2 protein chains.
Amino acid sequence: MLTERQLLLLQLLVNDYIISAEPVGSRSISKREDVHYSPATIRNDLADLEEMGYLEKTHLSSGRVPSEKGYRFYVDHLLSPEILSQNELGTIREAFRRKFSETDDLIHVTARVLSEFTNYTAIMLGPELLDMRLKHLELVKLSESQGVMIIVTDTGHVENRTVSFPELIKAEDVEKIINILNDKLNMVPLYQLQARLDTEVRAVLKKNIADYQRVMALLKDGLSISDPNRIFYSGKSNILEQPEFRDINKVIALLNVFESNDLVRELMDMPSGGLHIRIGRENKLNGIEDCSLITTTYSAGDDHLGTVAVIGPKRMAYPRVVTMIDLIAKLLTKSLSKEKSE
Amino acid sequence: MLTERQLLLLQLLVNDYIISAEPVGSRSISKREDVHYSPATIRNDLADLEEMGYLEKTHLSSGRVPSEKGYRFYVDHLLSPEILSQNELGTIREAFRRKFSETDDLIHVTARVLSEFTNYTAIMLGPELLDMRLKHLELVKLSESQGVMIIVTDTGHVENRTVSFPELIKAEDVEKIINILNDKLNMVPLYQLQARLDTEVRAVLKKNIADYQRVMALLKDGLSISDPNRIFYSGKSNILEQPEFRDINKVIALLNVFESNDLVRELMDMPSGGLHIRIGRENKLNGIEDCSLITTTYSAGDDHLGTVAVIGPKRMAYPRVVTMIDLIAKLLTKSLSKEKSE
DNA sequence: GTTAGCACTCTCGATCACTGAGTGCTAAAT
DNA sequence: ATTTAGCACTCAGTGATCGAGAGTGCTAAC
């Protein structure tokens, strides 16, 4: 168990280190106004904390730096969210007040605000596409042989894919097909589309459409939703201003992670909704051992949850980021639900 | 005027420097098998080339490095495109052979191939949205008050935006409106949509729809195309492996440029189609004084031109990149036109 | 339990000498 | 008239050395 004083010292040390990025020594802690222990006393406690694994030294006679265990303890027990100034709060609220013509737009703005107010990198992950339901289908012919299949989901998300038309299909037939589909597949979850095509649509098509087998092929093709949800970033270069990223190789490793959507999706995959903090190696992913990730979820109507995250160095301003990401996820949720029901 | 030997030396020196990234000395040039001049002779010529502004020294007694003027001369007069191995050619062709469900997909793959085979960063800029023509409009109601407006262009590009519905508008009315719009606005360039709404649609709506003023407001809103064309990147981290980017500040400057779509669009704006090479400061943009940019255009049917670019250090493997970007732009054009007319 | 004092460790920056690569210039060779 | 050999000179980079400064651990006194 940690003594009161040790708790205090750990907290002060982490706070200090977050700001300075330099190993913190006993003397500099003891100089603070709110501390009236001598350097020697502090040294003893720091030595204990180090022995217990909460602190580390960069070399034999340096000041201390929090270990991952230390950060973990800090965020679990010593973290008090930062209170934002009225000023900042106002600016952020203002950013969400304007009208957004596209959902993508709103997501972009959210990412930008988050990265600008934290000075780290913001990552936005849309809700799982496959969980959405079909609201409307449309098939537009572009030329004799090519067309676009458009899928609108219940959240207002729009997917599109190019399809090649069987030759000589008639315009009325296209209309008929679309009507059948919209009738039969309304509000079906996207991941079931393929299956329902066989069970519910095939028979009707057979009855109504001449060349129904080719049409089925076209539909199968057009309704294959493999496309994963999109990922947006903002402030990628912010993280580079952190002193821990003066080493180019770390930068390369990090940017490589960002370039792989799969990795990022894996990285942001959390066991439940709400706020999560992953520190350093707790992220099971090469290249970001020196980063911390804070995620939370936002909702895009009903139970469609998206994820918003901030990634920065382990030495992250946790109090501020926690407050910020929480606020911004709530504002985003509000904006999205307003769009739906206003 | 440059002598034969000077031309040769300039070419050899640039080629050498492109590979080694180190200042090139007279001795190392003279050691090549295809050169039989002594270091002293070469030194004299290099001194002349330097005097004429084609070469520079990093310090008084260092080897030479090409100046921007030197690179310019090199690409204008000494550049012979690299011939790709059958092997590489095959792999690249193969990548374009598979089926793409979305145009975006194809663009992504193009960017990836280009960055992987050049080891620099690829940038893809879609055709100007505003030049496209309206092929099909759709208005989908999501809830009582919200809907999605979908715009399909003649190239198969799909745009969408959320709109708020006037209360109590009837489903048949929505259908009527859409029919009118599709009738009146077919093949109108997107940049004219707003204007045509007033001149051609207003009167018809007035006759047919009860609450026509509110509907007009909705349409005005939904048809405002301000959204600029999208930009894709691939291999952002490749460029960081170049020794000239060991300085973090250059990296930050470059990534900042990448984060601003406006800047990148400005950067890639060329006076004409076809291949362009911009070296260093020829790019009028802070942050990329040390980069070269090679762009060319691809076509997405008719006269919709998009731009594809490779950005790397001034010391770029020009012969290879020129060959590569040319090949890939052609393959992309072919894939896009195949999609339309196959 | 807390603090003062002291010897010890390690980093960082400055200085210095040395090496190697490269140049410019002059005079000899072709 | 070119081309080349020879030589003195310049400069970046490396490694060794040194002192200052910050910090620690330990012991003994408060």
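As shown above, the structure is provided for reference.
Residues numbered from 1 in each chain as written. Chains lettered and ligands numbered in written order. Predicted model: local features only at pLDDT ≥ 70, side-chain atom pairs only at ≥ 80, totals over all residues. Heavy atoms only, no water.

## Re the packing of helix H7 (residues 171-185) of chain B against helix H8 (residues 193-208) of chain B
Residues and elements named next belong to chain B.
Inference 1: Running from N to C, H7 and H8 point in directions that differ by 135°, and their axes come no closer than 10 Å. On the basis of their axis angle, the class for H7 and H8 is oblique. Of the two elements, H7 crosses H8, and the hand of that crossing is right-handed. Residues Lys176, Ile177, Ile180, Leu181, Lys184 and Leu185 of H7 lie in contact with H8, whose contacting residues are Leu193, Arg196, Leu197, Glu200, Val201, Val204, Leu205 and Asn208. (Axes fitted to C-alpha atoms, helices over the stretch in contact; angles between N-to-C directions. Helix = DSSP H or I, 4+ residues; strand = E, 2+ residues; numbered from the N terminus. Parallel < 35°, antiparallel > 145°, perpendicular 65-115°, else oblique. Left-handed = near helix turned anticlockwise from the far one by under 90°. Contact = heavy atoms within 4.5 Å.)

## Quick notes on the protein's contact with DNA strand C
Inference 1: Taken together, the neighbourhood of DNA strand C is formed by 18 residues, with Thr41, His59 and Ser61 of chain A together with Ser26 and Arg64 of chain B sitting nearest.
Inference 2: Each atom of DNA strand C within 4 Å of the protein belongs either to a base or to sugar and phosphate, the latter forming 80%.
Inference 3: With respect to DNA strand C, the side chain of serine 61 of chain A contributes an N or O atom lying 2.5 Å from a base oxygen.
Inference 4: Residue serine 26 of chain B places a side-chain N or O atom 2.7 Å away from a phosphate oxygen belonging to DNA strand C.
Inference 5: A total of four residues in the surface near DNA strand C trace back to one element, the largest contributor, which is helix H3 (residues 39-51) of chain A. (Near = heavy atom within 4 Å. Polar contact = N/O pair within 3.5 Å; in protein donor to acceptor, adjacent residues only side chain to side chain.)

## Some thoughts on the packing of aromatic side chains
Residues and elements named next belong to chain A.
Inference 1: For the structure on display, the rule yields eight aromatic pairs over all chains.
Inference 2: Ring centres of tyrosine 71 and tyrosine 318 lie 6.0 Å apart, and the angle between their planes is 50°; on these two criteria the pair is classed as tilted. Taken together, the residues span a long stretch of sequence, with tyrosine 71 in helix H4 (residues 68-78) and tyrosine 318 in helix H12 (residues 318-341) at a distance of 247 residues. Considered together, tyrosine 71 and tyrosine 318 belong to a single accessibility category, that of buried residues.
Inference 3: Aromatic rings pair up to connect Tyr71, Tyr74 and Tyr318 into one cluster.
Inference 4: Here the basic side chain of lysine 69 rests over the ring of tyrosine 54, its NZ or CZ set 4.7 Å away from the ring centre. (Phe/Tyr/Trp six-rings, centres within 6.5 Å; stacked < 30°, edge-to-face > 60°. Buried < 20%, exposed > 50% of the residue type's maximum accessible area, 1.4 Å probe, protein only. Lys NZ or Arg CZ within 6 Å of the ring centre and 35° of its normal.)

## Describing the interface of chain A and chain B
Inference 1: Taken together, the contact pairs 49 residues of chain A with 49 residues of chain B.
Inference 2: A buried area of about 3900 Å², summed over both sides, lies between chain A and chain B, and 51% of it is on carbon and sulfur atoms.
Inference 3: The largest contributions to the chain A side of the interface with chain B come from Glu102, Leu142 and Ile248 of chain A, which together make up 14% of the buried area.
Inference 4: Counting the contacts that link chain A with chain B gives two salt bridges.
Inference 5: Among the salt bridges present, the one from aspartate 104 of chain B reaches arginine 230 of chain A, with a minimum N-O distance of 4.0 Å.
Inference 6: The tally of links from chain A across to chain B stands at ten residue pairs in polar contact (both at pLDDT 80 or more).
Inference 7: Contributions of two or more residues to the side of chain A that touches chain B are made by helix H6 (103-118), strand S4 (134-141), strand S5 (146-153), strand S6 (158-164), helix H10 (248-259) and H12 of chain A.
Inference 8: Here the residues of the side of chain A that touches chain B are counted per class, giving 13 nonpolar, 17 polar and 19 charged. (Buried area = accessible area lost by both parts, 1.4 Å probe. Salt bridge = Lys/Arg side-chain N within 4 Å of Asp/Glu carboxyl O. Nonpolar A, V, L, I, M, F, W, Y, C, P; charged D, E, K, R; others polar.)

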